[in-house]
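Close look at the chain arrangement
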2 protein chains.
Amino acid sequence: MERIEHRACFGGWQDVYRHRSTVLGCDMHVAVYLPPQAALEAVPVLYWLSGLTCTEQNFITKAGAQRYAAEHGLALVAPDTSPRGEDVADAEAYDLGKGAGFYLNATVAPWSQHYRMYDYVVDELPALIEAHCPVTDARAISGHSMGGHGALIIALKNPGRYRSVSAFSPIVAPSRVPWGEKAFSAYLGDDRGAWKAYDATELVKTAGEKLPLLIDQGDADEFLHTQLRPDLLKTEADAAGHPMILRMQPSYDHSYYFVASFIGEHIKCHAAALRGR
Amino acid sequence: MERIEHRACFGGWQDVYRHRSTVLGCDMHVAVYLPPQAALEAVPVLYWLSGLTCTEQNFITKAGAQRYAAEHGLALVAPDTSPRGEDVADAEAYDLGKGAGFYLNATVAPWSQHYRMYDYVVDELPALIEAHCPVTDARAISGHSMGGHGALIIALKNPGRYRSVSAFSPIVAPSRVPWGEKAFSAYLGDDRGAWKAYDATELVKTAGEKLPLLIDQGDADEFLHTQLRPDLLKTEADAAGHPMILRMQPSYDHSYYFVASFIGEHIKCHAAALRGR
């Protein structure tokens, strides 16, 4: 873990680290915000997964989340959205390859060599953070768009690993929307049966733990009816008796202005779960 | 005024307009945040001037100011930092030409044709905003770095025009630091007497109104001792009996993480002045 950025922010520190990822086979950047409380005691962590085209920078520069993390004494950990480097496979498109890892383990060449963001986010990254930073093993997870998809599937697949989960404008049914169909075809191949392992609308049917799902969605989001479709998850969650709060926020679009407007409420909810309040 | 961005944000709207500037002789972008209160009544305005290399986007995406503007019912207006367009003079350097207008009226060719940011910010822009947006003529002004310089000189030169002024990490003595010497030489020529009209440490000696100056400065700012030198302004303000609060903030650098950490306190102060609370 080499610290490459270190900036005072709301009484704590907004850092960025570079580290070698064994799982991904490349160097990665990860952003870590440590609130003022972390100078005195280990603090719980909210993992944030970003959307298509993002790096570790978008959330830390645009969401204004540090203010709330400082208020509630949470660390924020925001990884990049895909493996990186010259030898990592890529595509011309913004929605495949670098910047578009979809938080899964690819099984089809050439993607399968590096694209293992699922294992990275679930196992390698928390182990690294918990070994090197003043944090506890109390974890929450959230994200935006492709990252909202990542947060949902990772929480649903790992009972007991996270105390809370939320998402902004998530891709909830990747098997049934263009972004997901394109990425899953490339990364996982044409057998749609294999896609179910990374599709929240499938996973919610049989989740081993009924962690409540908090989802905020702007009703003026340009991708709502084509790529996001939170109604599909709500239907399956209701059928499975899985608690889910879907808040349709009037007039909001898909941008970080939407995330910024409601991240404070999400962090308050995560803090309550993480600190047992 | 053509609206080119319109995004819901903290219950209000983050807009960006394109308009023809007569003063600058080019098209300009300006960001306008309208808080929720503006749907019901005209609200006062905080003008924000950005620093070197910035456009109208930096403040609205990175400072997290909309939350506080919504809380206090202020509009935020953030112009670009220089004239723009293919026929506008420029330099290779980041600290001269486009993105580096220094909020003055240039008198030396080729700059004098378009670089009249002082008149734009003082007169043309407020007239436009007050004619087209649901705002009152109660104005405050603030800014960062080169924009902090702009806020200070504009408030000091225009008694009665602003109800409050503040600055983050401002260039307070441009006549005596490398950034200012380079820009003023180019824009105003070699007669240093002419520079005094745009130098806060000179203007504070004879200001027609002793509006209190609130300045936040990070003590880990990489430009503190070479380009910013708030001590030079403090000495002159104290000598002139001009009220000035200089807060040296430990560990903070020159980035927007610093602005984000304290913009809430500045907006609270401006709101008190603007709303008479």
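Once a new chain begins, its residue numbering starts again from 1 and follows that chain's sequence as written. Lettering of chains starts at A and numbering of ligands starts at 1, both following the order in which they are written. A pLDDT threshold of at least 70 governs which residues receive local features in this predicted model, and a stricter bar of 80 or more applies before side-chain atom pairs are shown or counted, although totals over entire chains, interfaces and linings include all residues. Each side-chain value is worked out from all heavy atoms of the structure, with water and hydrogens disregarded.

Looking at an unreviewed UniProt entry, one finds chain A named S-formylglutathione hydrolase, with Dyella lipolytica as its source organism. UniProt positions are given in the numbering used here, feature names are shortened, and annotations may be inferred rather than shown by experiment. The UniProt entry for chain A carries the following comment under Catalytic activity (unreviewed entry): "S-formylglutathione + H2O = formate + glutathione + H(+)". The record in UniProt for chain A states the following under Sequence similarities (unreviewed entry): "Belongs to the esterase D family."

1. Overview of the overall build of chain A
Every helix listed is a DSSP run of H or I at least four residues long, and every strand listed is a run of E at least two residues long, numbered separately from the N terminus. Within chain A one finds 10 helices and nine strands. Note on classification: 1.4 Å probe, protein chains only; a residue is buried when its accessible area is under 20% of the maximum for its type, exposed when over 50%, partly exposed between these limits. Relative to its 277 residues, chain A shows a buried fraction of 61%. Per element, the accessible surface of chain A, about 9800 Å² overall, is 50% carbon and sulfur. Computed with the Shrake-Rupley method and a 1.4 Å probe, the accessible areas treat only the protein chains shown as cover for residues.

2. With respect to unusual backbone geometry
Ala109 of chain A connects to Pro110 of chain A through a cis peptide bond whose omega is 0 degrees. Following the sequence through the fold, Pro110 of chain A ends up in the loop between β5 (75-79) and α3 (117-132). At Thr53 of chain B, a position not held by glycine, the phi torsion is positive, near 80 degrees. Tracing the sequence through the fold places Thr53 of chain B in the loop between β4 (43-49) and α1 (57-62).

3. What about the relation of the copies chain A and chain B?
Superposition of chain A onto chain B requires a rotation of 180 degrees combined with a translation of 0.0 Å along the rotation axis, giving an RMSD of 0.0 Å. The superposition of one copy onto the other is thereby described by a two-fold rotation axis. Residue contacts are counted whenever heavy atoms from the two residues lie within 4.5 Å of one another. Interface overlap between copies is the fraction of interface residues in one copy that are interface residues in the other; for chain A against chain B it reaches 95%, indicating a shared surface. For the least-squares superposition of copies, only C-alpha atoms count, and only for residues with pLDDT at least 70 in both.

4. Comments concerning the sheet that holds strand β7 (residues 164-168) of chain A
Residues and elements named next belong to chain A. Only strands joined by at least two bridges in the DSSP assignment are considered to pair. Taking strand neighbours across the sheet as the criterion, the nine strands line up as β1-β2-β3-β5-β4-β6-β7-β8-β9 in an open arrangement whose pairing is mixed. Among the strands making up the open sheet, the edge pair consists of β1 (2-9) and β9 (244-249). For this sheet, the mean angle separating the axes of adjacent strands, direction not counted, is 20 degrees. Orientation is described by axes fitted as lines to C-alpha atoms, over the contacting stretch for helices, and by angles from 0 to 180 degrees between their N-to-C directions. Running over the sheet, α3 touches β2 (12-21), β3 (26-34), β4 (43-49), β5 and β6 (135-143) and is turned about 145 degrees from β6. Along the sheet, helix α9 (residues 230-240) contacts β8 (213-218) and β9; its crossing angle with β9, the most-contacted strand, is approximately 155 degrees.

5. What about the environment of Arg163 of chain A?
Residue and element names in this part refer to chain A. Assignment of secondary structure puts Arg163 in the loop between α4 (146-157) and β7. The partly exposed category is assigned to Arg163, whose relative accessible area is 44%. Separated by 109 residues in sequence, Arg163 and Ala272 place their C-alpha atoms 9.6 Å apart. Ignoring sequence-local partners within four residues, the contact set of Arg163 consists of Ala138, Arg139, Leu211, Ala273 and Leu274.

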